[in-house]
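Chains, contacts and geometry: an overview
Residues per chain are reported as follows:
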Amino acid sequence: MVCNETWEENGLTCQTTWAWVSGTPITKKNAIDRCNRAARHRWGIEENFLIEKRRGYNYEHPFSYDWNALKGWHALMRLAHLINILTLHTVALWETVQTLGMRGTLRFLWQTFTGNWLDLSRLKRLRDKPAQLRLVI
């Protein structure tokens, strides 16, 4: 399947072409779901791996022959990439860095990622109550 896109951006007409290959037939009914929703999402995932491999993270090197160490390295790499993206693109995080400093921000992020923020007793009480649906206009 091939998709030719055209759009206006800053007064200029831009064009791009997307192409998808599939082992199962693409029909009019499944084209949007399979190509736009699934394939483009997959492209974003692969773009992140490309960034980690080629743009300064040196992700191609295995750094270990132990499977558990490799899994740990992968998890840490993904977390480092996430923190880097947040740091580069989030104004609120930049304000946090300015307020708390780098170490304080890293401590804050660590507490956020590892903290027990959910009150389990409250969640159990909510689970046991009948569900309510409220319509707000």
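Every chain is numbered on its own, with residues counted from 1 as its sequence reads. In keeping with the predicted nature of the model, local features appear solely for residues at pLDDT of at least 70, side-chain atom pairs appear and are counted solely at 80 or more, and the whole-chain, interface and lining totals rest on all residues. Computation of side-chain values: all heavy atoms of the structure, hydrogens and water removed.

**Some points on the overall build of the chain**
Looking only at helices and strands, the chain features four helices and two strands. Going along the chain from the N terminus, every DSSP run of H or I of four or more residues is numbered as a helix, and every run of E of two or more is numbered as a strand. Starting at the N terminus, the α and β elements of the chain follow one another as β-β-α-α-α-α. For the chain, the residues scored as buried account for 10% of the 137 residues in total. Here, two residues are considered to be in contact whenever any of their heavy atoms come within 4.5 Å of each other. Intrachain contacts of the chain at a sequence separation of at least 6 include 26% that bridge at least 24 residues. Method for areas: the Shrake-Rupley scheme with a 1.4 Å probe, in which residue coverage is limited to the protein chains shown. Of the accessible surface of the chain, which amounts to about 12100 Å², a share of 59% is contributed by carbon and sulfur atoms. Under the scheme applied here, a residue whose accessible area is under 20% of the maximum for its type counts as buried, over 50% as exposed, and between as partly exposed, the area being computed with a 1.4 Å probe on protein chains only.

**Considering the pattern of salt bridges**
For salt bridges, the criterion is a side-chain nitrogen of Lys or Arg within 4 Å of an Asp or Glu carboxyl oxygen. Scanning all chains against the criterion turns up one salt bridge. A salt bridge links R127 to D128; its shortest N-O distance comes to 3.3 Å.

**Some thoughts on helix α2 (residues 67–89)**
Multiplying one less than the number of residues by 1.5 Å gives the expected span of a helix. With 23 residues, α2 extends 33 Å between its outermost C-alpha atoms, agreeing within 8% with the 33 Å of an ideal straight helix rising 1.5 Å per residue. In this structure D66 caps α2, since a side-chain oxygen of it lies 3.3 Å from the backbone nitrogen of N68. The term polar contact refers here to a pair of N or O atoms within 3.5 Å; inside protein, the definition further demands a hydrogen-donor-capable atom paired with an acceptor-capable atom, and it admits residues adjacent in sequence only when both atoms are side-chain atoms.

**So, the pairing of strand β1 (residues 2–9)**
Taking burial as the measure, the eight residues of β1 include zero buried ones, a minor fraction of the element. Of the pairings in the sheet, the one linking β1 to strand β2 (residues 12–19) comprises eight bridges and is antiparallel in character. Residue pairing for β2: E8 is matched across the bridge by T13. Strands are labelled as partners when DSSP assigns at least two bridges between them. Linking β1 to β2, which pair antiparallel, is a turn of two residues; within it N10 sits at a positive phi near 55°.

**A word on the confidence of the model for the chain**
Note: predicted coordinates in regions of low pLDDT should not be interpreted at a detailed level. Looking at the chain as a whole, the pLDDT averages 79, with 88% of positions reaching at least 70. Values of pLDDT, which run from 0 to 100, indicate the predictor's confidence residue by residue. Looking over the chain, one finds the lowest element-wise mean pLDDT in helix α1 (residues 31–54), namely 71, and the highest in β2, namely 86.

**Some details on the side chain of T105**
With respect to the helices and strands, the residue T105 is situated in helix α3 (residues 91–114). On the accessibility criterion, T105 (2% relative accessible area) is buried. Of note is the side chain of T105, whose polar atom sits 2.7 Å from the backbone oxygen of G101.

**Quick word on the environment of E8**
Mapped onto the fold, E8 is located in strand β1. For E8, the side chain forms a polar contact with the side chain of T13, separated by 2.9 Å.

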